[in-house]
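# Analysis of the macromolecular model
Residues per chain, in single letters:
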Amino acid sequence: MSRRRTALVICELLAAFIAQGCSGTGGGGGEWPGVDDAVVGRFAREAGRSGATPMIDWVKGDSLLFAFLCAGLVAGFVLGFFGRALFAERLSSERKADKGDG
């Protein structure tokens with residue numbers, strides 16, 4: 001096997017072990033609390049306040065955070081793509097113009 005293929009197999013196995021450990025089926029036991037319960041709820045309890053009902057109540061767990069993550073990835077791709085077209089191509093055209101003047 002080539003080195004590249006060996007490295008790819010090792011990375012895949014490592015990713016599988018990490019996914020198994022994070023999925024909750026790897027012997028961790030029980031459900032993990034969401035960010036709202038674990039962090040925000042704790043600070044609210046320490047301050048003596050009760051948690052308000054969320055504006056989007058039909059979303060359970062961390063799926064709303066996952067939706068924001070996906071939206072951020074899409075927005076980052078779009079901004080990166082059009083930013084490249086805006087700035088990188090402008091710089092390359094300026095360099096071509098500078099070479100033509102000399």
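Residues numbered from 1 in each chain as written. Predicted model: local features only at pLDDT ≥ 70, side-chain atom pairs only at ≥ 80, totals over all residues. Heavy atoms only, no water.

## Observations regarding the overall build of the protein
- Scanning the protein from N- to C-terminus turns up 3 helices and 0 strands.
- Counted from the first residue to the last, the protein has its helices and strands arranged as α-α-α.
- The 102 residues of the protein split such that 4% are buried.
- Element-wise, carbon and sulfur atoms account for 66% of the exposed surface of the protein, whose accessible area totals about 9,300 Å². (Helix = DSSP H or I, 4+ residues; strand = E, 2+ residues; numbered from the N terminus. Buried < 20%, exposed > 50% of the residue type's maximum accessible area, 1.4 Å probe, protein only. Areas by Shrake-Rupley, 256 points an atom, 1.4 Å probe, with all protein chains shown as cover.)

## Side note on the confidence of the model for the protein
- Overall, the predicted model of the protein reaches an average pLDDT of 75, with 67% of residues at or above 70.
- Looking across the protein, the model is least confident in helix H1 (residues 3–22), with a mean pLDDT of 77, and most confident in helix H3 (residues 63–101), with 79. (pLDDT = per-residue confidence, 0-100.)

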